[in-house]
Amino acid sequence: MSSLALAASTALLQLPGPLDSTLGTVFLALVGFLVVLFVGRIVLSIAWRLALIAAFAVGVFLLVTTFLL
């Protein structure tokens, strides 16, 4: 790599990016928040299903042990 190409690549890396501003930081924070909400929504939907299945199973077990045993 020539010294001119090395100097050009170093200069490009030192330029501020679009996310270096306050607005860019807010944008990154909002994107991170949306990712957390999306993953949480998926996890909570699975948790709701497991909780409903567990409540139904315990209810059936309660009825069986109360009336049949």
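On a predicted model such as this, the values are computed, not experimentally measured, just so you know.

Undergrad: Describe the overall build of the protein chain, with residues and values.
TA: Helix and strand content of the protein chain: two helices and zero strands. Residues classed as buried in the protein chain amount to 1% of the 69 residues present. Carbon and sulfur atoms provide 82% of the accessible area of the protein chain, an area that totals close to 6,400 Å².

Undergrad: Give me the environment of Phe 56: which residues, what numbers.
TA: Take Phe 56: it is sitting in helix H2 (residues 22-67). For the pair Phe 56 and Ser 3, spaced 53 residues apart in sequence, the C-alpha to C-alpha distance is 72 Å.

Undergrad: Give a description of the environment of Thr 66 that names residues and reports values.
TA: Take Thr 66: it is sitting in helix H2. With a relative accessible area of 47%, Thr 66 lands in the partly exposed category.

Undergrad: Quick one: what's the story with a nonpolar patch on the surface, residue by residue and with numbers?
TA: A grouping of Leu 19, Phe 27, Leu 28, Val 31, Val 35, Phe 38, Val 39, Ile 42, Val 43, Ile 46 and Leu 50 is seen on the molecular surface, where their side chains present a nonpolar patch of about 1,000 Å² in accessible area. Locating Leu 19 in the fold gives a position in the loop between helix H1 (3-14) and H2.

Each value, and the rule that gives it
- Residues numbered from 1 in each chain as written.
- Predicted model: local features only at pLDDT ≥ 70, side-chain atom pairs only at ≥ 80, totals over all residues.
- Heavy atoms only, no water.
- Helix = DSSP H or I, 4+ residues; strand = E, 2+ residues; numbered from the N terminus.
- Buried < 20%, exposed > 50% of the residue type's maximum accessible area, 1.4 Å probe, protein only.
- Areas by Shrake-Rupley, 256 points an atom, 1.4 Å probe, with all protein chains shown as cover.
- Patch = residues over 30% accessible without salt bridge, like charges linked within 9 Å, V, L, I, M, F, W, Y side chains within 5 Å.
- Salt bridge = Lys/Arg side-chain N within 4 Å of Asp/Glu carboxyl O.

So, to be careful, I would describe these as geometric facts and stop short of saying anything about function.
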